[in-house]
4 protein chains.
Amino acid sequence: MEANSAEAKHLLAFIERIERLEEDKKQVSEDIKDVYAEAKGTGYDVKVIRKVVSIRKQDKDKRREEEEILGLYLAALGMAE
Amino acid sequence: MEANSAEAKHLLAFIERIERLEEDKKQVSEDIKDVYAEAKGTGYDVKVIRKVVSIRKQDKDKRREEEEILGLYLAALGMAE
Amino acid sequence: MEANSAEAKHLLAFIERIERLEEDKKQVSEDIKDVYAEAKGTGYDVKVIRKVVSIRKQDKDKRREEEEILGLYLAALGMAE
Amino acid sequence: MEANSAEAKHLLAFIERIERLEEDKKQVSEDIKDVYAEAKGTGYDVKVIRKVVSIRKQDKDKRREEEEILGLYLAALGMAE
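Rules of the game
- Residues numbered from 1 in each chain as written.
- Chains lettered and ligands numbered in written order.
- Predicted model: local features only at pLDDT ≥ 70, side-chain atom pairs only at ≥ 80, totals over all residues.
- Heavy atoms only, no water.
- UniProt positions renumbered as here; feature names shortened; annotations may be inferred.
- Helix = DSSP H or I, 4+ residues; strand = E, 2+ residues; numbered from the N terminus.
- Least-squares fit on C-alpha atoms with pLDDT ≥ 70 in both.
- Contact = heavy atoms within 4.5 Å.
- Phe/Tyr/Trp six-rings, centres within 6.5 Å; stacked < 30°, edge-to-face > 60°.
- Buried < 20%, exposed > 50% of the residue type's maximum accessible area, 1.4 Å probe, protein only.
- Lys NZ or Arg CZ within 6 Å of the ring centre and 35° of its normal.
- Polar contact = N/O pair within 3.5 Å; in protein donor to acceptor, adjacent residues only side chain to side chain.
- Axes fitted to C-alpha atoms, helices over the stretch in contact; angles between N-to-C directions.
- Parallel < 35°, antiparallel > 145°, perpendicular 65-115°, else oblique.
- Left-handed = near helix turned anticlockwise from the far one by under 90°.
- Nonpolar A, V, L, I, M, F, W, Y, C, P; charged D, E, K, R; others polar.
- Salt bridge = Lys/Arg side-chain N within 4 Å of Asp/Glu carboxyl O.
- Buried area = accessible area lost by both parts, 1.4 Å probe.

1. What about the UniProt feature "coiled-coil region" (unreviewed entry) in chain A?
Under the local residue numbering, the UniProt record ascribes the feature "coiled-coil region" (unreviewed entry) to residues 11–38 of chain A. Note that residues 11–38 of chain A is 100% helix and 0% strand, and that its end C-alpha atoms are spaced 41 Å apart.

Here is the structure:
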């Protein structure tokens, strides 16, 4: 594959597209960190906000079922609250 | 660094120690997977067992505090169960 | 924190911002996967393209130095190509 | 599932086995870190040792093929050393 050949330019185009997208991904990750930092600065508990975000992704029934089983297991282990 | 020199042997010794330990680590990971598979085969919910294992690592007071804040946030978002 | 209170709305705003950004991040990750799939479909070796992308992030001198040390170690271990 | 029932004891047994294995895994990870620290203390380049460890896991022919393609791509991009 000769330098500056059509094929080399084609390869470079793929690489540059990947690099731009990776840059976008890095920027979005930083934006997410900034929002958490802002929430923390406002007094919210970031770890709990992460839990809420993850709960909101879950199917409600599935989550309820898991919570019930968790309660059962914790009670069986003498760990129920 | 000549091949078979004392230094080369010293380097190889480090590498072989790391390789043996990585092999051990791989084996332990497989053992953990086996226990979860066994528990699943017995009818337990593996995802919930993972949660119990993680809860048992947590400081009790810290966990209680987080659960309370989570309850507050979920109620505020109309998501309380 | 009462449901629908100003504070609850403030919390929800943070959560929705995080969710939108996580959605953007997921989309960019999928776009990256698509470009690699397109490159693969064109006949390029995806694993090697990943290596090129990672090499292009590295400081040239640092990379040269590492390659030299790697060559030394591989030769000392009788693994030089 | 009653606390202290046979089933509860069975569940606890699974959990304790997982916890012991996770402890073993943590210990092995620390041992690996120690070996790398020892190698570093002796003057070896830890990042390069990691590369050697990973190369030794690779199939020789596969690795040679990848190195050739990498050389091709780097030359095509004017990055050959």
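2. Brief notes about the relation of the copies chain A and chain C
When chain A is fitted onto chain C, the two copies agree to an RMSD of 0.0 Å after a turn of 180° and an axial shift of 0.0 Å. When the rotation and shift are considered jointly, the pair of chain copies conforms to a two-fold rotation axis. Scanning chain A for the C-alpha nearest the rotation axis identifies Lys 25 of chain A, at a separation of 2.9 Å. Counting the interface residues of chain A, we find that 100% of their copies in chain C are interface residues as well, pointing to one common contact surface.

3. Observations regarding the packing of aromatic side chains
Any aromatic ring pair is given by two values, namely how distant the centres are and how the planes are angled relative to each other. Under the criterion given, the structure shown has 8 aromatic pairs over all chains. With 5.7 Å between their ring centres and 75° between their planes, Phe 14 of chain A and Tyr 44 of chain C make a pair best called edge-to-face. With Phe 14 of chain A in helix H1 (residues 6–41) and Tyr 44 of chain C in the loop between helix H1 (6–41) and helix H2 (46–57), the pair connects residues from two separate chains. Like Phe 14 of chain A, the residue Tyr 44 of chain C is buried in the burial classification. Joined through ring pairs, the aromatic side chains of Phe 14 of chain A, Tyr 44 of chain C together with Tyr 73 of chain D make up one cluster. Of note, Arg 50 of chain A hangs over the ring of Tyr 36 of chain A, and the distance from its end group to the ring centre comes to 4.1 Å.

4. Points about the relation of the copies chain B and chain A
You can overlay chain B on chain A at an RMSD of 0.0 Å; the transform is a turn of 180° with a shift of 0.0 Å along its axis. Looking at the interface residues of chain B, 100% of them are also at the interface in chain A, so both copies use one shared face.

5. Focus: the side chain of Asp 45 of chain D
If you trace the backbone, Asp 45 of chain D turns up in the loop between helix H1 (6–41) and helix H2 (46–57). A distance of 3.0 Å separates a polar side-chain atom of Asp 45 of chain D from the backbone nitrogen of Lys 47 of chain D. Contacts of Asp 45 of chain D, omitting those with residues within four sequence positions, involve Ile 69 and Tyr 73 of chain C.

6. With respect to the packing of H1 of chain A against helix H2 (residues 46–57) of chain A
Axis angle and axis distance: for two packed helices, these are the angle between their axes and the distance between the axes, and together they describe the pair. Residue and element names in this part refer to chain A. Between H1 and H2, whose axes approach to 9 Å, the crossing angle comes to 125°. On the basis of their axis angle, the class for H1 and H2 is oblique. Handedness of the crossing formed by H1 with H2: right-handed. Seen from H1, the contacting residues are Tyr 36, Ala 39 and Lys 40; seen from H2, they are Val 46, Ile 49, Arg 50 and Val 53. Residues that form the contact of H1 with H2 fall into these classes: 5 nonpolar, no polar and 2 charged.

7. Remarks on the pattern of salt bridges
In this structure the tally under the stated criterion is 28 salt bridges over all chains. A salt bridge links Glu 22 of chain C to Lys 57 of chain A; the nearest nitrogen and oxygen atoms lie 2.9 Å apart. Taken together, the positions of Glu 22 of chain C in helix H1 and Lys 57 of chain A in helix H2 put the pair across two chains. Taking the relative accessible area as the measure of exposure, Lys 57 of chain A reaches 61% and is therefore exposed. For Arg 17 of chain B, the salt bridge goes to Glu 38 of chain D, with nearest N and O atoms at 2.9 Å. Placement of Arg 17 of chain B in helix H1 (residues 6–41) and of Glu 38 of chain D in helix H1 is noted, with the two residues assigned to different chains. In this structure Arg 17 of chain B comes out as partly exposed when scored by relative accessible area, which is 30%.

8. Re the UniProt feature "domain: GapR-like DNA-binding" (unreviewed entry) in chain A
Residues annotated by UniProt as "domain: GapR-like DNA-binding" (unreviewed entry) correspond here to residues 8–78 of chain A. Secondary structure content for residues 8–78 of chain A is 89% helix and 0% strand, while the C-alpha to C-alpha distance between its ends is 65 Å.

9. What about the interface of chain A and chain C?
Taken together, the contacts link 30 residues of chain A with 30 residues of chain C. Interface area for chain A against chain C, summed over the two sides, is near 2900 Å², with a carbon-plus-sulfur share of 71%. When residues of chain A are sorted by the area they lose upon contact with chain C, Phe 14, Ile 18 and Tyr 44 of chain A head the list and together hold 21% of the total. If you look at where chain A meets chain C, you find 6 salt bridges. Joining chain A to chain C, the criterion identifies 12 residue pairs in polar contact (both at pLDDT 80 or more). Elements supplying a minimum of two residues to the side of chain A that touches chain C: H1 and H2 of chain A. Residues that form the side of chain A that touches chain C fall into these classes: 16 nonpolar, 3 polar and 11 charged.

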